[in-house]
Protein chains: 2
Amino acid sequence: MNQTIDTILAHRSIRRFTAEPIQADVLSTLFDCAIAASSSSFIQCVSIIRVVDADKRAQIAHLAGDQPYVASAAEFVVFCVDFHRHLQIHPEAQLGFTEQTLIGAVDAALMAQNCLLAAESLGLGGVYIGGIRNNPAEVSALLDMPKHVMPVFGLCLGYPDQNPESKPRLPQSLVIHQDSYQQELDRHQLAEYDEKVRQYYQSRTGGNKDMSWSEQITATLTKEARPFMKDFLTSKGFSTK
Amino acid sequence: MNQTIDTILAHRSIRRFTAEPIQADVLSTLFDCAIAASSSSFIQCVSIIRVVDADKRAQIAHLAGDQPYVASAAEFVVFCVDFHRHLQIHPEAQLGFTEQTLIGAVDAALMAQNCLLAAESLGLGGVYIGGIRNNPAEVSALLDMPKHVMPVFGLCLGYPDQNPESKPRLPQSLVIHQDSYQQELDRHQLAEYDEKVRQYYQSRTGGNKDMSWSEQITATLTKEARPFMKDFLTSKGFSTK
């Protein structure tokens, strides 16, 4: 339809990169794009930490669950919710509200998606690294984050050295509701989608992975989801009230 | 640089729209774009509720703090974190983790930003409506959201009937850190930025609004930030552990 929509629809995560660096002016444009995103109540509570130091990269790659592309990508940045900046401007700021955590997570993601799409529009690729939340306290310490700053996710960026298929997403019929949340799941649509995901994994793994989406999320949601996150947030002064 | 980057950098919120509707095929493309975004661990825990019903629109416009464009925009959609879908597939799913709230807020925002940028690339405009979190329980009830579904923000979309300036954002020097979080705020950069914001408001209001960014966030953070949000999340089965 146009370049923006084509870029959006062509998205797939890239986890293998060439050695080609991202030029400084290009990186600067990507950061400008990040910063141009909407900000809830103009509060601008997001910081981005660009990690250049090879040793820190290697440590984060490990802390994120051994994801080597965190170390090998041309660029790796961490999106943080940041109210420390505000506290320096207004030492009596009322912080710790759960609402502020939500604002921060949402605004960080709006910025990151601008950054990733701008990169993809230039032929770069990337992948989000939620895995930094495996060890959020260690990542925070490594990057010297004070109280009222917390890492939300990382983003690897670089020139792609692979060309994976796009992963099939849930169809609109299961995601879009009209006027009321439709509580009854359309099992027929789900079955069709499950089969599509199964075929995607089969084709991508040469037949080795045989799993539907329902099976995958069942496995995921049978386990605890980073049960330490609530305490971590509290320790950083987030969601205490 | 290219259409995608030009679109991203030209962003400004649109709050006044013409009466022109968004054609069904265009809206469908915008939803496809939303769904194409990255999803943390492929968990796909976001639903979008399109609100067509005029009475519901009017009620939400009021609940969001009397924002009339919620009622008058060609389209208004609500982005929700949704684990009810997963619960129907896996009734024993482990839910309530704070981590899942974070995943949901992040993934909702990634999807929404795709949707808004795709719209902007087609000459449409929009504005996020965080104001639905003024009365999240009422909005949830109005749209029949069950437990494990919560509204995060809304998005108005339509053809612009205004042409506002872009609002100046914090400069890279205050947002981008390298290898370590820089705890000491650059007061000189901040003063420059504060002046830029003051000039923006002066020019936009014909001299009526005289406020820097520091003054604005000081006013915002002197007040409580939706102090009911923690209890609301708990009531919907989110962030209980």
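On a predicted model such as this, the values are computed, not experimentally measured, just so you know. (Residues numbered from 1 in each chain as written. Chains lettered and ligands numbered in written order. Predicted model: local features only at pLDDT ≥ 70, side-chain atom pairs only at ≥ 80, totals over all residues. Heavy atoms only, no water.)

Peer 1: Explain the relation of the copies chain A and chain B to me, please; I cannot follow it from the model alone.
Peer 2: Here the two chain copies are tied together by a rotation about an axis and a shift along that axis. By a simple turn and slide, chain A fits onto chain B: the slide is 0.0 Å along the axis, the RMSD is 0.0 Å, and the turn is 180°. The operation mapping one copy onto its partner corresponds to a two-fold rotation axis. Looking at the rotation axis and the C-alpha trace of chain A, the residue lying nearest is Thr-4 of chain A, at 2.3 Å. Interface residue correspondence from chain A to chain B reaches 100%, placing this contact among same-surface, isologous pairings. (Least-squares fit on C-alpha atoms with pLDDT ≥ 70 in both. Contact = heavy atoms within 4.5 Å.)

Peer 1: Hey, could you run me through the side chain of Asp-107 of chain A in this one?
Peer 2: By the secondary structure assignment, Asp-107 of chain A is in helix α6 (residues 98–121). Look at Asp-107 of chain A: it is buried, it has no salt bridge, and the nearest opposite charge is Arg-133 of chain B at 7.1 Å. Other than its neighbours up to four places away in sequence, Asp-107 of chain A contacts Ser-38, Ser-39, Ser-40 and Val-46 of chain A. (Helix = DSSP H or I, 4+ residues; strand = E, 2+ residues; numbered from the N terminus. Buried < 20%, exposed > 50% of the residue type's maximum accessible area, 1.4 Å probe, protein only. Lys, Arg positive; Asp, Glu negative; His and termini not counted. Salt bridge = Lys/Arg side-chain N within 4 Å of Asp/Glu carboxyl O.)

Peer 1: What exactly am I supposed to notice about the side chain of Gln-113 of chain B here?
Peer 2: With respect to the helices, strands and loops of the structure, Gln-113 of chain B is situated in helix α6 (residues 98–121). Relative accessible area serves as the criterion here: at 3%, Gln-113 of chain B is assigned to the buried category.

Peer 1: Is there a simple way to explain the sheet that holds strand β1 (residues 46–50) of chain A in this structure?
Peer 2: Overall, mixed pairing links the 5 strands, which are arranged β3(A)-β4(A)-β2(A)-β1(A)-β5(B) in an open sheet. The open sheet terminates on both sides in strands that have one partner only, identified here as β3 (125–129) of chain A together with β5 (176–178) of chain B. Across this sheet, the average inter-strand angle for adjacent strands is 25°, counted without regard to direction. With 5 bridges joining them, β3 of chain A and strand β4 (residues 149–158) of chain A adopt antiparallel strand pairing. In the strand pairing of β4 of chain A, Tyr-128 of chain A is matched with Leu-155 of chain A. Relative to β1 of chain A, helix α2 (residues 24–35) of chain A is tilted by about 160°, and along the sheet it contacts β1, β2 (75–82) and β4 of chain A together with β5 of chain B. (Pairing = 2+ DSSP bridges. Axes fitted to C-alpha atoms, helices over the stretch in contact; angles between N-to-C directions.)

Peer 1: Would you explain the nonpolar core in this entry?
Peer 2: The tendency in soluble globular proteins is for nonpolar side chains to be buried as a group. The biggest cluster of nonpolar side chains holds 125 residues, and the ones touching the most others in it are Phe-79 of chain A together with Phe-79 of chain B. Residue contacts for Phe-79 of chain B: discarding those within four places in its chain leaves Val-46, Ser-47, Ile-48, Ala-108, Met-111, Ala-112, Cys-115, Met-150, Pro-151, Val-152, Phe-153 and Leu-155 of chain B. (Core = buried A, V, L, I, M, F, W, Y, C linked by side-chain atoms within 4.5 Å.)

Peer 1: Just to check I follow, could you spell out the domain arrangement of chain A for this structure?
Peer 2: Where interface size is given, it is often the accessible area lost as the parts come together that is meant. Domain assignment breaks chain A into domain 1 (3–165) and domain 2 (172–218). Each of domain 1 of chain A and domain 2 of chain A was reduced to a C-alpha centroid, and the two centroids are 28 Å apart. (Domains from an automatic or database assignment.)

Peer 1: How should the interface of chain A and chain B be read in this particular structure?
Peer 2: Listed by partner, the interface residues are 116 residues for chain A and 116 residues for chain B. Together chain A and chain B conceal approximately 10100 Å² of surface at their shared face, both sides included; 62% is due to carbon and sulfur atoms. Of all residues in chain A, Phe-42, Tyr-181 and Leu-221 of chain A give up the largest surface area on contact with chain B, accounting jointly for 9% of the area buried on that side. There are 4 salt bridges connecting chain A and chain B. Between Arg-226 of chain B and Glu-99 of chain A there is a salt bridge, with the nearest N and O atoms lying 2.6 Å from each other. The tally of links between chain A and chain B comes to 73 residue pairs in polar contact (both at pLDDT 80 or more). The element best represented in the side of chain A that touches chain B is α6 of chain A, accounting for 17 residues. For the side of chain A that touches chain B, a count of residues per class yields 60 nonpolar, 37 polar and 19 charged. Across 3 bridges, strand β5 (residues 176–178) of chain A lies against strand β1 (residues 46–50) of chain B in parallel orientation. Looking across to β1 of chain B, one finds that Gln-178 of chain A is bridged to Arg-50 of chain B. (Buried area = accessible area lost by both parts, 1.4 Å probe. Polar contact = N/O pair within 3.5 Å; in protein donor to acceptor, adjacent residues only side chain to side chain. Nonpolar A, V, L, I, M, F, W, Y, C, P; charged D, E, K, R; others polar.)

Peer 1: What am I meant to see in the state of the cysteines here?
Peer 2: Two cysteines form a disulfide when their sulfur atoms are joined by a covalent bond. By the definition in use, this model includes 0 disulfides over all chains. Just so you know, Cys-45 of chain B is unpaired, no disulfide at all, and the nearest cysteine sulfur is the one on Cys-80 of chain B, 11 Å from it. (Disulfide = S-S within 2.5 Å.)

Peer 1: Teacher, can you tell me more about the confidence of the model for chain A here?
Peer 2: It should be kept in mind that the predicted coordinates are not to be read in detail where pLDDT is low. Per-residue pLDDT for chain A averages 97, and the proportion of residues at 70 or more is 100%. If you check the scores for this complex, the pTM reads 0.98 and the ipTM reads 0.98. (pLDDT = per-residue confidence, 0-100.)

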